[in-house]
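Commentary on secondary and tertiary structure
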Amino acid sequence: MLSNELRQTLQKGLHDVKSDWTVPASIINDPEVHDVERERVFGHAWVFLAHESEIPERGDYVVRYISEDQFIVCRDEDGEIRGHLNACRHRGMQVCRAEMGNASHFRCPYHGWTYSNTGSLVGVPAGKDAYGNQLKKSDWNLRPMPNLATYKGLIFGSLDPNADSLEDYLGDMKFYLDIVLDRSDAGLQVVGAPQRWVVDANWKLGADNFVGDAYHTLMTHRSMVELGLAPPDPQFALYGEHVHTEHGHGLGIIGPPPGMPLPEFMGMPENIVEELGRRLTPEQVEIFRPNAFIHGTVFPNLSIGNFLMARDHLSPPSPFLTLRLWHPLGPDKMEVMSFFLVEKEAPDWFKDESYKAYLHTFGISGAFEQDDAENWRSITRVLGGQFAKTGELNYQMGRGVHEPDPNWPGPGEAYPMDYAEANQRNFLEYWMQLMLADTPLHAGNSNGNGKVETSAPAAPKTPAKAEA
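These numbers come from a predicted model, not from an experiment.

**Some thoughts on the domain arrangement of the chain**
For the chain, the assigned domains are domain 1 (47–158) and domain 2 (171–435). Centre-to-centre, using C-alpha coordinates, domain 1 lies 33 Å away from domain 2. Facing the 14 residues of domain 1 at the interface are 22 residues of domain 2. When the two sides are added together, the surface that domain 1 and domain 2 hide from each other amounts to roughly 1600 Å², 70% of it contributed by carbon and sulfur. Broken down residue by residue, the surface that domain 1 buries against domain 2 is led by Phe 48, Tyr 151 and Lys 152, which jointly contribute 34%.

**Quick look at the pattern of salt bridges**
What the rule picks out here adds up to 24 salt bridges. With a closest N to O distance of 3.0 Å, Lys 12 and Glu 392 form a salt bridge. Of this pair, Lys 12 sits in helix H1 (residues 4–19) while Glu 392 sits in strand S20 (residues 392–394), placing them 380 residues apart in sequence. One salt bridge connects Glu 167 with Lys 174, and the closest N-O pair in it is separated by 3.9 Å. Glu 167 gets classed as partly exposed once you look at its relative accessible area, which sits at 42%.

**What to know about the UniProt feature "domain: Rieske" (unreviewed entry) in the chain**
The UniProt record annotates "domain: Rieske" (unreviewed entry) at residues 47–129. Annotated as 4% helix and 43% strand, the span residues 47–129 places its first and last C-alpha atoms 43 Å apart.

**So, the packing of aromatic side chains**
Throughout the structure, instances matching the rule amount to 21 aromatic pairs. Ring centres of Phe 265 and Phe 288 lie 5.7 Å apart, and the angle between their planes is 45°; on these two criteria the pair is classed as tilted. Taken together, the residues Phe 265 in the loop between strand S15 (250–254) and helix H8 (270–279) and Phe 288 in helix H9 (residues 282–288) connect sequence positions 23 residues apart. An identical accessibility class is assigned to Phe 265 and Phe 288; each is buried. Three or more aromatic residues link up through ring pairs in this structure, and these residues are Phe 293, Phe 307, Phe 320, Phe 340, Tyr 355, Tyr 358 and Phe 362. Between Arg 399 and the ring centre of Trp 21, over which it is positioned, the NZ or CZ distance is 5.2 Å. Sitting above the plane of the Trp 21 ring, Arg 425 keeps its charged end 3.5 Å from the centroid.

**Details of unusual backbone geometry**
Of the consecutive residues Phe 299 and Pro 300, the connecting peptide bond is found in the cis state with omega at 5°. Mapped onto the secondary structure, Pro 300 falls in the loop between strand S16 (293–298) and strand S17 (302–309). Non-glycine residue Asn 133 carries a positive phi angle of around 55°. The backbone of Phe 265 shows a phi angle near 55°, a positive value even though the residue is not glycine.

**Focus on the nonpolar core**
Counting residues in each nonpolar core, the largest one holds 113 residues, and the members touching the most others are Leu 10, Tyr 176 and Trp 431. Ranked by the residues each element gives to this core, the list is headed by helix H12 (residues 422–436), at eight residues. Taken together, domain 1 (47–158) and domain 2 (171–435) each give at least three residues to this core, which thus spans both. Not counting chain neighbours up to four residues away, the residues in contact with Tyr 176 comprise Val 243, Thr 245, Leu 251, Ile 253, Ile 287, Trp 408, Gly 410 and Pro 411. In terms of nonpolar packing, the next biggest core, distinct from the first, is built from 16 residues, Tyr 61, Cys 88, Cys 108 and Trp 113 among them.

**Focus: the environment of Phe 362**
Inspection of the secondary structure puts Phe 362 in helix H10 (residues 348–362). Among the residues examined, Phe 362 registers a relative accessible area of 5% and is labelled buried. For the pair Phe 362 and Thr 22, spaced 340 residues apart in the sequence, the C-alpha separation amounts to 30 Å. Contacts of Phe 362, omitting those with residues within four sequence positions, involve Phe 210, Phe 307, Met 309, Phe 320, Arg 324, Ser 338, Phe 368, Glu 369 and Asp 372.

Reading guide: rules and limits
- Residues numbered from 1 in each chain as written.
- Predicted model: local features only at pLDDT ≥ 70, side-chain atom pairs only at ≥ 80, totals over all residues.
- Heavy atoms only, no water.
- Domains from an automatic or database assignment.
- Contact = heavy atoms within 4.5 Å.
- Buried area = accessible area lost by both parts, 1.4 Å probe.
- Salt bridge = Lys/Arg side-chain N within 4 Å of Asp/Glu carboxyl O.
- Helix = DSSP H or I, 4+ residues; strand = E, 2+ residues; numbered from the N terminus.
- Buried < 20%, exposed > 50% of the residue type's maximum accessible area, 1.4 Å probe, protein only.
- UniProt positions renumbered as here; feature names shortened; annotations may be inferred.
- Phe/Tyr/Trp six-rings, centres within 6.5 Å; stacked < 30°, edge-to-face > 60°.
- Lys NZ or Arg CZ within 6 Å of the ring centre and 35° of its normal.
- Core = buried A, V, L, I, M, F, W, Y, C linked by side-chain atoms within 4.5 Å.

The following block contains the structure:
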């Protein structure tokens, strides 16, 4: 439940973000805000869990999180993608103690209740002596994810059994996701396990940064310009389009600075360029052709970075694709999960160059990553102060400067410069609407069985390991 004080703060914030273009500073580091958003934001939104390529074969699984709830995301023996709460129905013990692996069954280490990877309870020790064979196992299966669905290889879950469909939730953002996710016939693959690290910062700062903050590159990443890891114009992120859609989603699409030649389609390999020309619409091709950087956020906490960057000052730039999950651990702490993806059909030399560019710039020890994390830590620390919480944050960039771009070929509301904060206002407006809503903001459409709505093609039949 919202306290009266927080309700008033959010009501004023919702008014101000639309009229004065300001936001209450207290939303960044406040325990009550964190408690409410666990229920009202993460309890209802669609949250990214995994990529299908992480669980390609029967029995493969990963453990992933929606706020504090952890789920086993797996491919069962029929090739179906499922999501189960990682808690034994007897006493709530974790039944899967590893973060990833392959298993046909999961056995609770506390009392030995055993579940198949479909979630069915199949074994209870001393069932005759302890329960007189009266325990109805089908009543005590693992609890399924209330809603599970995929879009172009991305697996999402929602804790809301009446959530709108994932397709409706993504809405016009699908047009832009396809530019990144649907460029080749074979699709994308996640390479290796995601890199993970904990930052003493609020999760919304990562989402805010990627959804629309091109402005910070001028100062935060200026050293990257001086080192030759970014375009030589410090305002390189100015030259782009700033776009947002419904449900808080948004992105920036940045081309090269004036007079600076760059390869079309980020210099993707010829075979991928040929395929994307067939798969994307003419409007999507027109948008992607001159592109050098795409940054965006799918509300609430999935961010996308498709960047053309050099791994060092001696190397030519190479494109790479990373997904970021900002997993909240508290009002002042988050775990960052960073995924590297590449087209399965890309040549080996390209995969290697792309991966190195990712590691050197946006990997866990990448130069750009360290710049951003230090800012977010400092912001969170400062705004946790009692007096600091009474202030407001300025989101007025573009006010009286930008008008929507009538010539933009894609959907959503677009502005012809990426130095703007319309995307952040759109993100925070939707966040505050969810925080204030005493009932969920949707019509409802549950699959309710912990199985993915649109199943991936069945994986090749391979033996699964016994248990995890």
